[in-house]
Amino acid sequence: MAVIVVRVIVSIFFAAMAAYAFARLKFPGRDVLFMLVLLQMMVPSQIFVIPQYLIAHKLGILNSISALVLPGIVTAFGTFLLRQFFMGLPVELEEAAIIGGANQWQIFTQVMLPLARSGMISLSIFTALFAWKELMWPLIVNTDLDKMPLSAGLAQLIGQFNTNYPVLMAGSVLAIIPMVVIFMIFQKQFISGVALNGGK
């Protein structure tokens, strides 16, 4: 669970900064860089497994919790989702903040981030869900059962000749409970965030 919390917080922070830059700031090559972000979303994630593994090996974090967290701290999906949200906010808010003497960082943290709360909650739920159900990467990068998420641990219960299905099914039911609880708590914000992004 600590892996998911760290991954959600860090990925939301980086995605919000990148999304605000792509949505509001004008800099050379902005559109080209955003096209590269979209291109990453169009490519199957399996293509990145070997480069990520080599990077993890070079960093010496194989078979550790860090290997589960680092690949997911920057997401193209999160950047795209929050960019759409920031683009829907009125420009007049920024102009009023500039007149009030706020710098770019203050505009981002004190004006834009609070208004993007429902979008960030939606992204938090998506990120937590993706991290919770991740299967292939933990099985590749980790070998110790105590350093794997629950989904990868459940996969280890499937034997080649014999599988204890009652234990596997009980574990599967327990695995869905945290995500259902998170969704029930943030249901209103999640639906409003997705609806706002979908309407744009």
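Residues numbered from 1 in each chain as written. Predicted model: local features only at pLDDT ≥ 70, side-chain atom pairs only at ≥ 80, totals over all residues. Heavy atoms only, no water.

Here's the deal with the UniProt feature "transmembrane region" (unreviewed entry) in the protein chain
Under the local residue numbering, the UniProt record ascribes the feature "transmembrane region" (unreviewed entry) to residues 6-25, 32-55, 61-82, 115-132 and 167-186. For residues 61-82, helix accounts for 50% and strand for 0%, while the C-alpha atoms at its two ends are 30 Å apart. Taken end to end, residues 115-132 is 94% helix and 0% strand, and its two terminal C-alpha atoms sit 27 Å from one another. (UniProt positions renumbered as here; feature names shortened; annotations may be inferred. Helix = DSSP H or I, 4+ residues; strand = E, 2+ residues; numbered from the N terminus.)

Some details on the packing of aromatic side chains
Scanning the entire structure with this criterion turns up 11 aromatic pairs. Both rings, one in Y20 and one in F86, keep their centres 5.7 Å apart while their planes meet at 80°; by these two values the pair is edge-to-face. Of the two residues, Y20 sits in helix α1 (residues 2-24) while F86 sits in helix α5 (residues 76-87), which places them 66 residues apart along the sequence. The exposure classification of Y20 matches that of F86, with both residues buried. Ring geometry for Y20 against F108: centres 5.1 Å apart, planes inclined by 40°, an arrangement best described as tilted. In this pair, Y20 sits in helix α1 while F108 sits in helix α7 (residues 104-115), placing the two residues 88 residues apart along the sequence. The same class applies to Y20 as to F108, namely buried. (Phe/Tyr/Trp six-rings, centres within 6.5 Å; stacked < 30°, edge-to-face > 60°. Buried < 20%, exposed > 50% of the residue type's maximum accessible area, 1.4 Å probe, protein only.)

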